[in-house]
Amino acid sequence: MTPFVADPVYLNGQFLPLAEAGISPLDRGFLYGDGVYELIPVYSRRAFRLDEHLKRLQATLAGIKLANPLAPAEWKAVVEKLIATAHWEDQSIYLQVTRGADNKRDHAFPPATVAPTAFAFASPLVVTPAEVRAKGVAAITVADQRWARCDLKVISLLANILARQQAVEEGCAEALLVRDGYLKEGAASNIFVVKDGILLAPPKTHLMLPGITYDIVLELAESCGQPLEIREIHENELRSADEVWMTSSTKEILAITTLDGAPVGTGKPGPIGEQMWQRYQDFKNTIMRKG
Ligand code: PDD
């Protein structure tokens, strides 16, 4: 069986087999979830929107007051080497940085002499099967119980994990997070809504992760003249939507056709989502697979 994580992986300046990549149990990622991550899709061995992912990594590191252990060019070299040595043409690259391992457990930051832990690996890109995409997926709504800096892509994801697990236990693909009556995003995706031909997108605030795919959808909507409103979306608008989609680096654009057991719009993927999916494929294929 093809392994899910390619060898070698990257750990703290070295490329080595996963089986030999060890970290201290005192690593603050393990003890506290004190770290950050990125997930970058790779098409035909080219990392998609790598600069944007590295910028978001930098913004998250700044947000948790952790110096970036690698310069952008160094991250690029790591990513390129992982891509080149993995078996697959299409991959996902996972990057993680934690605040490293001190010799004790203490909430406050360790001394500056403690180096961060930097870890990265390549996996095969897991794509949505065409038959699933054609039908769309089911989702539930749950109360958003995350902290107040959801714009940071941190590894402490417990509230997201519990929300996604609840969705899975209810036979659904995603949990939509609602806070104070307004839709924020999904447990691991951004959410778009279509009503009366208008595309609605929640604004980038501290309560939503600024998705790389979200940005592409906005760019595509603007370039093709799709009516667009970036504003808070009330739960009632979500429930009466014509279309709801989730977006992420791995899900791309995926229709949610059932919400809390009720059909969304016609109960089938809608036309605006279908057009956007096609535009996204064209965009991706033009810049990644050709030129
Ligand atoms: N998650 N919102 C949340 C909470 C996410 O975890 C993600 C992505 C997104 C979409 O971001 P992007 O378009 O940059 O992938 C939005 C990744 C895929 C993950 O956690 O594995």
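Look above for the structure.
Starting from 1, residues in each chain are numbered consecutively following that chain's sequence as written. pLDDT decides what is reported in this predicted model: residues at 70 or higher carry local features, side-chain atom pairs at 80 or more are listed and counted, and totals for whole chains, interfaces and linings draw on all residues regardless. Note that the side-chain values use all heavy atoms of the structure and ignore hydrogens as well as water.

Q: Any chance you could break down the packing of aromatic side chains for me, citing the residues and the numbers?
A: In this scheme Phe, Tyr and Trp rings, the latter by its six-membered ring, pair at centre separations within 6.5 Å, and the angle between planes marks the pair as stacked below 30 degrees, edge-to-face above 60, and tilted otherwise. What the rule picks out here adds up to nine aromatic pairs. Their ring planes at 75° and their centres at 5.5 Å tell us that Tyr43 and Phe48 sit as a pair that is edge-to-face. Members of the aromatic cluster, connected to one another through ring pairs, are Tyr37, Tyr94, Phe119 and Phe121. Think of it as a cone above the ring: NZ of Lys or CZ of Arg counts as a charge over the ring if it is within 6 Å of the ring centre and within 35 degrees of the ring normal. Its guanidinium or amino end placed over the ring of Phe15, Lys81 lies 4.6 Å from that ring's centre, counting from NZ or CZ. Just above the ring of Phe109 sits the side chain of Arg99; from NZ or CZ to the centre is 3.7 Å.

Q: Break down the nonpolar core for me, citing the residues and quoting the values.
A: The set of buried Ala, Val, Leu, Ile, Met, Phe, Trp, Tyr and Cys residues whose side-chain atoms join them within 4.5 Å is what this entry labels a nonpolar core. Any residue under 20% of the maximum accessible area for its type is buried, any over 50% is exposed, and the rest in between are partly exposed; the area is computed with a 1.4 Å probe on protein chains only. Counting residues in each nonpolar core, the largest one holds 27 residues, and the members touching the most others are Tyr10, Val36, Leu57, Trp75, Leu82, Ile93 and Leu95. Contributing elements (two or more residues each) for this core: β3 (35-43), α2 (50-63), α3 (72-85), β5 (91-98) and β6 (117-124). If you tally residues by element for this core, the top one is α3, at five residues. Setting aside residues up to four positions removed in sequence, Trp75 forms contacts with Leu54, Leu57, Asn68, Leu70, Leu95, Val97 and Ala118. Among the nonpolar cores identified, the runner-up in size contains 21 residues, and Leu218, Leu220, Trp245 and Met288 belong to it. Each helix is a run of H or I in the DSSP string that is no shorter than four residues. Each strand is a run of E no shorter than two, and both are numbered from the N terminus. Any pair of residues with heavy atoms lying within 4.5 Å of one another is described as a contacting pair.

Q: Could you give me a rundown of the site of the ligand, with the residues and numbers involved?
A: The environment of the ligand is formed by 18 residues, the closest being Tyr37, Arg56, Glu185, Thr213 and Ser249. For this analysis, a polar contact is any N or O atom pair within 3.5 Å, provided that within protein one partner can donate a hydrogen and the other can accept it, and provided that sequence-adjacent residues contribute only side-chain to side-chain pairs. One of the backbone nitrogen or oxygen atoms of Ser189 is found 3.5 Å away from a nitrogen atom of the ligand. Taking Ile212, its main chain carries an N or O atom lying 2.8 Å from an oxygen atom of the ligand. Surface accessibility follows the Shrake-Rupley procedure with a 1.4 Å probe radius. Residue values consider only the protein chains on display as shielding. For the ligand, whose free accessible area comes to 480 Å², the fraction covered by protein is 89%. Elements with a minimum of two residues in the shell around the ligand: β3, β9 (182-186), α6 (212-223) and β14 (243-248). Domain boundaries shown here were taken from an automatic or database domain assignment. Each of domain 1 (9-124) and domain 2 (130-288) contributes no fewer than three residues to the shell around the ligand. In these notes, residues near a molecule or strand are those with any non-hydrogen atom within 4 Å of it.

Q: Give a description of the sheet that holds strand β1 (residues 9-11) that names residues and reports values.
A: When DSSP finds two or more bridges between two strands, those strands count as paired. The strand order across the open sheet formed by six strands is β2-β1-β6-β5-β3-β4, and the pairing between neighbours is antiparallel. Each edge of the open sheet carries a strand with a single partner, namely β2 (14-16) and β4 (46-47). Angular values range over 0 to 180 degrees, each being the angle between N-to-C directions of two axes fitted as lines to C-alpha atoms, with helices fitted over their stretch in contact. In this fold α3 packs onto β1, β2, β3, β4, β5 and β6, with an angle of close to 140° to the strand it touches most, β5.

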